[in-house]
Amino acid sequence: MKYCSTCGHPVEQRVPEGDNRHRYVCVNCETIHYQNPRIVAGTVPVWQGQVLLCRRAIEPRYGYWTLPAGFMENSETTLEAATRETREEALAEVTVDNLYTIIHVPHIDQVHMFYRATLTSENFGAGEESLETRLFALEDIPWDELSFPTVRRTLELYLEDVQNEHFPVHVDDIRYRMKPHGQ
């Protein structure tokens, strides 16, 4: 950030009085610009024991499979964001069963939230951000072609929970680990 969105003057990074973190602060009007994590919301849409996945038509991870999900918009709930993203990416309507995973991804300042959901019908398709959509039997999930660690972790948990016939809310972290130099 270089300029204040309130008055247009330059900003500097400093710890504002009464705070304990560096923030962008306007040198003119003293507006503090907070930068907070972004929320990604989506679903684990299921139809007769199969999971609906979308092949991404956008970067990052173009061509890889994902659960329908995306960034939450202002003025919507996480549930509304999850069902909207499912509609946009998979042209599918769902009935949400429950919140399923909350996965913190602190190295990219995101929180991913997936809801377990049931397709209301076998009607689905590829939205603008998907190359294709497909129902996968649990044993046929394309593990080597999944887009993101949060999608993989959510699907791993789902497989375990199907076997246990119990679907609790899971809270997890995925942290970036730097490889030692030379590896």
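Source: prediction; values computed, not measured.

### Here's the deal with the overall build of the chain
And then number 1: A tally of helices and strands in the chain yields two helices and 11 strands.
And then number 2: Secondary structure elements of the chain, listed N to C terminal, follow the sequence β-β-β-β-β-β-β-α-β-β-β-α-β.
And then number 3: Taken along its principal axes, the extent of the C-alpha atoms in the chain is 60 × 40 × 30 Å.
And then number 4: Of all 183 residues assigned to the chain, the portion counted as buried reaches 42%.

### Overview of helix H2 (residues 149-164)
And then number 1: With 16 residues, H2 should reach 22 Å at 1.5 Å per residue; the first-to-last C-alpha distance of 23 Å fits that figure.
And then number 2: Within H2, burial applies to Thr 150, Val 151, Thr 154, Leu 155, Leu 157, Tyr 158 and Asp 161. Projected down its long axis, H2 carries its buried residues within an arc of 160°, all on one side. In H2, the exposed residues that point more than 90 degrees away from the buried face are Gln 163 and Asn 164.
And then number 3: Contacts from the buried residues of H2 go to strand S4 (38-47), strand S5 (50-56), strand S6 (65-66), strand S8 (94-105), strand S9 (110-119) and strand S11 (170-173).
And then number 4: Where H2 ends, the next residue or the one after it, Glu 165, has phi of about 55°, a positive value.

### Description of the pattern of salt bridges
And then number 1: If you walk through the whole model with that rule in mind, you get 14 salt bridges.
And then number 2: For Arg 55, the salt bridge goes to Glu 145, with nearest N and O atoms at 3.6 Å. Taken as a pair, Arg 55 in strand S5 and Glu 145 in the loop between strand S10 (130-137) and H2 lie far apart in primary sequence, 90 residues in all.
And then number 3: Under the relative-accessibility criterion, Glu 145 is labelled partly exposed at 35%.
And then number 4: Two residues, Arg 153 and Asp 172, come together in a salt bridge whose shortest N-O distance is 2.8 Å. Taken as a pair, Arg 153 in helix H2 and Asp 172 in strand S11 lie far apart in primary sequence, 19 residues in all.
And then number 5: Taking relative accessible area as the criterion, Asp 172 reaches 22% and is therefore assigned partly exposed.

### Thoughts on the nonpolar core
And then number 1: With 18 residues, the main nonpolar core has Val 44, Val 51, Leu 53, Leu 67 and Leu 155 as its most contacted residues.
And then number 2: Of all the secondary-structure elements, those providing two or more residues to this core are S4, S5 and H2.
And then number 3: In terms of residues, this core owes the most to one element, H2, which gives four residues.
And then number 4: Setting aside chain neighbours within four positions, we find Val 51 in contact with Val 44, Pro 45, Val 46, Leu 67, Arg 134, Leu 135, Phe 136, Leu 138, Leu 155 and Tyr 158.
And then number 5: Counting residues in hydrophobic clusters, the runner-up holds nine residues, among them Trp 47, Leu 52, Leu 119 and Leu 135.

### Concerning the sheet that holds strand S2 (residues 23-26)
And then number 1: The sheet built from three strands is open, its strands ordered S1-S2-S3 with antiparallel pairing. The open sheet has two edge strands with one neighbour each: strand S1 (11-14) and strand S3 (32-33).

### A word on the UniProt feature "domain: Nudix hydrolase" (unreviewed entry) in the chain
And then number 1: Per the UniProt record, the feature "domain: Nudix hydrolase" (unreviewed entry) sits at residues 36-159.
And then number 2: In the segment residues 36-159, helix accounts for 19% and strand for 42%; the C-alpha atoms at its two ends are 32 Å apart.

### Here's the deal with helix H1 (residues 78-90)
And then number 1: Along its 13 residues, H1 runs 18 Å from first to last C-alpha, staying within 8% of the 18 Å computed at 1.5 Å per residue.
And then number 2: Among all positions in H1, only Thr 78, Ala 81, Ala 82, Thr 83, Arg 84, Glu 85, Thr 86, Glu 89 and Ala 90 are buried.
And then number 3: The secondary structure elements touched by the buried residues of H1 are S4, S5, strand S7 (69-71), S8, S9 and S10.
And then number 4: Two residues or fewer after H1 comes Leu 91, characterised by a positive phi angle close to 50°.

So, how was this worked out
- Each chain has its residues counted from 1, following the order in which its sequence is written.
- This being a predicted model, a pLDDT of at least 70 is required before a residue's local features are given, and a value of 80 or more before pairs of side-chain atoms are given or counted; all residues contribute to the totals for chains, interfaces and linings.
- To get the side-chain values, take all heavy atoms of the structure and skip hydrogens and water.
- The helix count covers DSSP runs of H or I at least four residues long, the strand count covers runs of E at least two residues long, and both are numbered beginning at the N terminus.
- Each residue gets one of three labels from its accessible area relative to the maximum for its type: buried under 20%, exposed over 50%, partly exposed in between, using a 1.4 Å probe on protein chains only.
- One fewer than the residue count of a helix, multiplied by 1.5 Å, yields its expected span.
- By arc we mean the arc of the directions from the helix axis to the C-beta atoms, nothing more.
- Whether two residues touch is decided by their heavy atoms; if any such pair falls within 4.5 Å, the residues are in contact.
- Think of a salt bridge as a Lys or Arg side-chain nitrogen and an Asp or Glu carboxyl oxygen that are within 4 Å of each other.
- Put simply, a nonpolar core is a bunch of buried Ala, Val, Leu, Ile, Met, Phe, Trp, Tyr and Cys residues held in one set by side-chain atoms that sit within 4.5 Å of each other.
- For two strands to be treated as a pair, DSSP must find no fewer than two bridges joining them.
- UniProt positions are given in the numbering used here, feature names are shortened, and annotations may be inferred rather than shown by experiment.

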